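# Coordinate analysis (summary)
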Amino acid sequence: MSESYTSNDLLNAIAAASKTLSERKDEINRLNVFPVPDGDTGTNMSLTLETVVENLAKLPIGAEGAEIRKAITTGALMGARGNSGVITSQILRGLCEGSVGQKLDAAGIDAAFSSAVEVAFQAVRKPVEGTILTVLRDSAAAAKRARKKKLLPEEALSSVVEEAYASVQRTPDLLPVLKENGVVDAGGFGLAIFFDAFASALTGREGPLGDELAFARSAAPKVEIEQINDWEGSAYRYCTEFLVHSDDVDTDAAKEFLPTMGDCDLMVGMHPNFKVHVHTNRPDEVLGWFLDHGAQISEVHIHNMQLQSAARTDALAAEEAAERKPLGFVAVAAGEGNARILESLGVDVVVSGGQTMNPSTKDLLDAVGAVNADAVIILPNNKNIIMAAQSACDLSDTPCAVVPTKSVPEAFAALFGFDEGAGLEENVESMTEAYAEVRTGEVTRAIKDSKDAHDNPIKEGDVIGIADGSIEAVGSSVDDVVLSLLAAMGAEEADTLTILAGEDLSDGAFEGLVERIEGAFGELEVDAHRGDQPLYPVVMSVE
């Protein structure tokens with residue numbers, strides 16, 4: 001395809017869409033409602049796309065048309081996982097085949113999606129309405145309407161994405177098990193996310209077209225999964241998938257054979273490479289048939305779905321059994337050490353983030369939804385995250401409030417002010433008071449020339465010490481700056497110092513620093529931990 005977009009634009013859009021799908025795979029996985037898990041839809045789709053991207057990355061610079069299409073179809077076929085991954089691979093194959101000789105205009109988009117429908121539906125022996133195939137077909141219908149209206153490429157892609165999301169919302173009306181559990185189809189949702197992210201990256205559109213909050217809410221109910229204990233005669237035990245390599249295997253005979261061995265059977269691809277997927281009680285016989293017919297096999301994956309189902313049921317039961325708390329906590333922090341400390345102090349969900357990597361409102365809203373509590377307090381731990389935290393509270397169905405901490409040490413102090421017997425508003429007040437007397441210090445390196453709070457020069461690469469947002473110390477070594485910063489923070493009059501080592505500060509260097517602090521401030525009680533935060537070798541607080 002070509003219009004105003006280059007091949008490199010298309011490759012980057014595919015990579016961006018794959019990344020988005022990977023980031024949201026857990027959200028997609030939570031929609032799975034079927035008794036036999038057969039893996040997780042979001043995980044399987046994202047792994048399939050990741051293999052595509054890996055294959056594309058191997059192409060020489062300047063690769064065009066046929067090379068790109070082959071890399072996509074081969075990568076999707078080889079990386080396909082589970083039913084959803086195999087079907088996704090066929091959607092991609094159809095899109096590639098339909099784009100041959102086409103421009104990236106409304107007519108070309110229509111041709112590509114029409115081909116995708118044809119190829120994907122041929123791959124599934126018994127298509128089911130209300131699934132990923134329905135969403136694909138509806139998306140293709142939108143592409144055809146866009147062609148008739150002679151829309152611009154950006155408008156045509158937006159029409160496809162909008163219809164994909166609309167189709168996902170209709171899936172519960174087509175598949176009763178979805179309506180019973182109050183969710184939309186996972187595979188269809190994953191496909192809509194992929195289309196949306198691809199179109200956004202390609203056209204430069206900001207943000208997703210889908211109503212993310214609506215989908216997030218539809219994923220919220222806890223799905224009740226009935227454990228199937230009587231497997232004999234009622235279901236097949238093993239999810240079996242593998243690659244077949246043969247120049248002359250009889251595909252018609254193979255497709256007649258597979259249904260005799262189980263269900264959910266798929267054989268996709270073309271000579272010499274095929275992907276086979278089937279649920280069966282005799283994976284050995286399935287593999288043996290292909291070997292007996294002269295094929296070579298590789299990448300064999302056999303999953304015991306009975307054990308998968310039991311594990312999933314146990315996990316859901318444990319989640320349901322977890323005691324619901326009157327008040328829970330979400331905190332933002334960077335570094336495994338900081339996360340562990342926060343969790344030990346009672347934080348239910350730690351969202352990874354901080355300076356240079358601020359979580360979104362949706363990230364925080366999802367975290368609030370994951371807390372098993374009647375009300376939730378968010379500790380943003382960075383001034384740039386406070387507004388997003390407040391927005392998440394405004395959108396949350398769960399009563400929610402922000403204690404506006406600007407650092408992890410402030411969060412520690414706030415959590416010590418928590419009163420189990422008090423309500424949300426009372427705790428917001430008491431926790432805010434608890435950290436009010438805390439002074440926070442941060443040590444990092446300057447990324448450009450500047451001046452400190454006293455108009456002294458700072459050179460790029462200097463070690464700088466920041467006390468509550470004000471640059472109060474500058475030097476060439478972390479240790480010297482820490483000691484200067486403590487003096488500026490009034491450590492000689494404080495009772496306690498909490499100090500957190502960053503990921504780039506070794507244990508030996510940290511121990512030496514603590515010894516110097518104890519020697520310089522003999523009356524100060526030092527509470528030292530590894531925070532493992534990036535960019536800041538030392539974060540500390542005095543009170």
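One can find the structure itself at the top, above this paragraph.
Quick summary incoming for the structure in this document. What you see is a predicted model, and the numbers here were worked out from it, not measured in a lab.

## Brief notes about the overall build of the protein
Helix and strand content of the protein: 21 helices and 16 strands. The C-alpha extent of the protein, read off along each of the three principal axes, is 85 × 55 × 45 Å. Taken across its 543 residues, the protein has 49% of its residues classed as buried. A fraction of 69% describes how many contacts in the protein between residues 6 or more apart in sequence connect residues 24 or more apart. Per element, the accessible surface of the protein, about 24,900 Å² overall, is 50% carbon and sulfur. In the protein, the 42 positive side-chain charges and the 88 negative ones have mean positions that sit 10 Å from each other.

## With respect to the pairing of strand E15 (residues 525–530)
Direction of pairing for strand E14 (residues 496–501) relative to E15: parallel, over a ladder of six bridges. Pairing of threonine 498 across the sheet is with aspartate 527, part of E15.

## Looking at the packing of aromatic side chains
Under the counting rule described, the total for this entry stands at six aromatic pairs. When the centroid spacing of 6.4 Å and the interplanar angle of 50° are considered together, the rings of phenylalanine 194 and phenylalanine 195 count as tilted. Pair check on accessibility: phenylalanine 194 and phenylalanine 195 agree, each one buried. Taken together, a centroid distance of 5.0 Å and an interplanar angle of 75° make the contact between tryptophan 289 and phenylalanine 290 edge-to-face. By relative accessible area, which is 14% here, tryptophan 289 ends up buried. Three or more aromatic residues joined by ring pairs make a cluster, and in this case those are Phe242, Phe257, Trp289 and Phe290.

## Regarding the environment of aspartate 527
Locating aspartate 527 in the fold gives a position in strand E15. The sequence separation of aspartate 527 and threonine 498 amounts to 29 residues, and the corresponding C-alpha distance is 4.8 Å. When near neighbours in sequence (up to four residues on either side) are disregarded, aspartate 527 contacts Leu497, Thr498 and Ile499.

## Some remarks on the environment of arginine 147
For arginine 147, the position within the fold is in helix H7 (residues 132–149). Once the C-alpha coordinates of arginine 147 and aspartate 397 are considered, the two residues, 250 residues apart in sequence, prove to be 41 Å apart. Not counting residues up to four positions away in its chain, the partners in contact with arginine 147 are Ala106, Ala107 and Asp110.

How each quantity is defined
- Residues numbered from 1 in each chain as written.
- Predicted model: local features only at pLDDT ≥ 70, side-chain atom pairs only at ≥ 80, totals over all residues.
- Heavy atoms only, no water.
- Helix = DSSP H or I, 4+ residues; strand = E, 2+ residues; numbered from the N terminus.
- Buried < 20%, exposed > 50% of the residue type's maximum accessible area, 1.4 Å probe, protein only.
- Contact = heavy atoms within 4.5 Å.
- Areas by Shrake-Rupley, 256 points an atom, 1.4 Å probe, with all protein chains shown as cover.
- Lys, Arg positive; Asp, Glu negative; His and termini not counted.
- Charge placed at Lys NZ, Arg CZ, Asp CG, Glu CD.
- Pairing = 2+ DSSP bridges.
- Phe/Tyr/Trp six-rings, centres within 6.5 Å; stacked < 30°, edge-to-face > 60°.

Functional significance is not addressed by these values, which are geometric in nature.
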